[in-house]
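Inside the fold
The primary structure of each chain is shown beneath.
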Amino acid sequence: MKRHATAVWNGSIKEGKGKISTQSGVLDQTQYSFKTRFEDGKGTNPEELIGAAHSGCFAMQLSAFLGEEGFTADTLSAKSDITFEDGSIKKSHITLHAAIPDIEKSKFEELANKAKENCPISKLLNTEITLTATLEK
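Please read these numbers as outputs of a predicted model, since none were measured by experiment. (Residues numbered from 1 in each chain as written. Predicted model: local features only at pLDDT ≥ 70, side-chain atom pairs only at ≥ 80, totals over all residues. Heavy atoms only, no water.)

1. Concerning the overall build of the protein
Across its full length, the protein holds four helices and six strands. Each of the three principal axes of the protein carries a C-alpha extent, and together these read 55 × 30 × 25 Å. A buried classification covers 33% of the 137 residues belonging to the protein. Put simply, of all contacts in the protein between residues at least 6 apart along the chain, 50% involve residues at least 24 apart. Summed over its atoms, the accessible surface of the protein is roughly 8,700 Å², and 49% of this surface lies on carbon and sulfur atoms. Looking at the protein, you have 17 positive and 19 negative side-chain charges, and the mean spots of the two groups are 6 Å apart. (Helix = DSSP H or I, 4+ residues; strand = E, 2+ residues; numbered from the N terminus. Buried < 20%, exposed > 50% of the residue type's maximum accessible area, 1.4 Å probe, protein only. Contact = heavy atoms within 4.5 Å. Areas by Shrake-Rupley, 256 points an atom, 1.4 Å probe, with all protein chains shown as cover. Lys, Arg positive; Asp, Glu negative; His and termini not counted. Charge placed at Lys NZ, Arg CZ, Asp CG, Glu CD.)

2. Side note on the environment of Glu15
Within the fold, Glu15 resides in the loop between β1 (5-10) and β2 (17-22). Take Glu15: its relative accessible area is 64%, and that puts it in the exposed class. Considering only alpha carbons, one finds Glu15 and Ile100, 85 residues apart in sequence, at a separation of 47 Å.

3. What about the nonpolar core?
Residues Phe58, Leu62, Leu66, Leu96, Ile100, Ile103 and Phe108 are the most contacted members of the largest nonpolar core, which totals 21 residues. When residues of this core are traced back to their parent elements, those giving at least two are α2 (46-68), β5 (88-99), α3 (105-118) and β6 (128-135). Of the residues forming this core, the biggest block, five residues, is contributed by α2. The contacts of Ile100, once residues within four sequence positions are left out, are Leu66, Phe71, Thr72, Ala73, Asp74, Leu76, Phe108 and Leu135. (Core = buried A, V, L, I, M, F, W, Y, C linked by side-chain atoms within 4.5 Å.)

Here is the structure:
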């Protein structure tokens, strides 16, 4: 499987603007700029997109690992906070709130950590990845 996205940038770093589109069309000429990356502008930015990719990938990977163990989640709500400083991504912290019937806390934590280490986006990122996982009953 291959997927693609495109970015077009026009102008200088501070005054310029870009547009990002994805193969699926979910993002279609979506604006990004210096303001959306470093200030409070309308649009997206690369770190936000990485956070979306990481939280989505993690949730899907955890769902797969749960299924292998005979569990099905009612809800897996994952959020990835990306730390960008000194010109590089330093950290991705995943916060997970999960509702999974009949799972023991120790098994939940084991599978959540396994997903953190093994989702394809975690493997791609060359950074510290941490996890706070809450099992809700």
